[in-house]
Amino acid sequence: MTATIHEDEKRERRTRGPELAEASPPGAGGATDHLGEKAAAASRVSFTFPEWQKSIEATRNLFAASLNDTLKLAASSLHDQAAFLRALADSKTPSELLKCHLNFAEQSWSKSFSEGSKILDRLKHVHRPAVS
């Protein structure tokens, strides 16, 4: 029971703290004057520096561009897989099945390497620092 009384007193002090700081006149001394100075100093300091904001924006744009390119590659690959399955279903002989598998493997590898290298090249160009 006494523990809850102490907790209630702590909560009451916390809720009354800002009211006491506002009620006491500046320069009156005490803990409220010290809290007011800290609050004023904190309000003058900006928590977002322009360099950080630019860096965050550049990183966000980099991730968005790479995600966009990767999703386009994934969608294209799904279409290729659907066409491959359609070709498998239409094949009549084992040689046609083998031909479908080989064509799909070749197409998949070439597309993965070409599109993947394009994505990496774009990331290199976007992330390359400016030369003065």
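Reading the values: rules and limits
Each chain has its residues counted from 1, following the order in which its sequence is written. Residue-level local features of this predicted model are given only where pLDDT is at least 70; pairs of side-chain atoms are given and counted only at 80 or more, and the full residue set underlies all totals for whole chains, interfaces and linings. Only hydrogens and water are set aside when side-chain values are computed; all heavy atoms of the structure are taken into account. Only DSSP runs of H or I covering at least 4 residues are called helices, and only runs of E covering at least 2 are called strands; the numbering of each starts at the N terminus. Working rule for helices: expected span equals 1.5 Å times residues minus one. Only protein chains enter the calculation, and the probe is 1.4 Å; a residue is then buried if its accessible area is under 20% of its type maximum, exposed if over 50%, and partly exposed in between. Two rings belonging to Phe, Tyr or Trp (six-membered ring only in the last case) form a pair when the distance between their centres is within 6.5 Å. Interplanar angles under 30 degrees mark stacking, angles over 60 mark edge-to-face geometry, and anything in between is tilted. Salt bridges are defined by distance alone: a side-chain nitrogen of Lys or Arg within 4 Å of a carboxyl oxygen of Asp or Glu.

Bringing helix 3 (residues 50–90) into the picture now. Taking 1.5 Å per residue, 41 residues should reach 60 Å; helix 3 reaches 60 Å between its end C-alpha atoms and fits that length. Considered for burial, the residues of helix 3 that qualify are Leu62, Ser66, Asp69, Leu73, Asp80, Phe84 and Leu88.

One pass over the structure, following the stated rule, counts 3 aromatic pairs. Seen from their ring centres, Trp109 and Phe113 are 5.4 Å apart, and the 25° between their planes marks the pair as stacked. A residue pair is termed a helical-turn pair when its members lie 3 or 4 positions apart in one helix, as Trp109 and Phe113 do in helix 4 (residues 94–127) at 4 residues. Comparing Trp109 with Phe113 shows no difference in burial state: the two are exposed.

So, about the environment of Lys72. By secondary structure assignment, the location of Lys72 is in helix 3. For the pair Lys72 and Glu115, spaced 43 residues apart in sequence, the C-alpha to C-alpha distance is 9.6 Å.

This brings us to the pattern of salt bridges. Enumeration over the complete set of coordinates arrives at 4 salt bridges. The residue Arg122 makes a salt bridge to Asp69 at a minimum N-O spacing of 2.7 Å. With Arg122 in helix 4 and Asp69 in helix 3, this residue pair connects regions lying 53 residues apart in the sequence. Of the residues examined, Arg122 reaches a relative accessible area of 41% and is grouped as partly exposed. For Lys111, the salt bridge is made with Asp80, and the minimal N-O distance between the two is 2.7 Å. With a gap of 31 residues between them, Lys111 in helix 4 and Asp80 in helix 3 connect regions that are remote in the sequence.

So, to be careful, I would describe these as geometric facts and stop short of saying anything about function.
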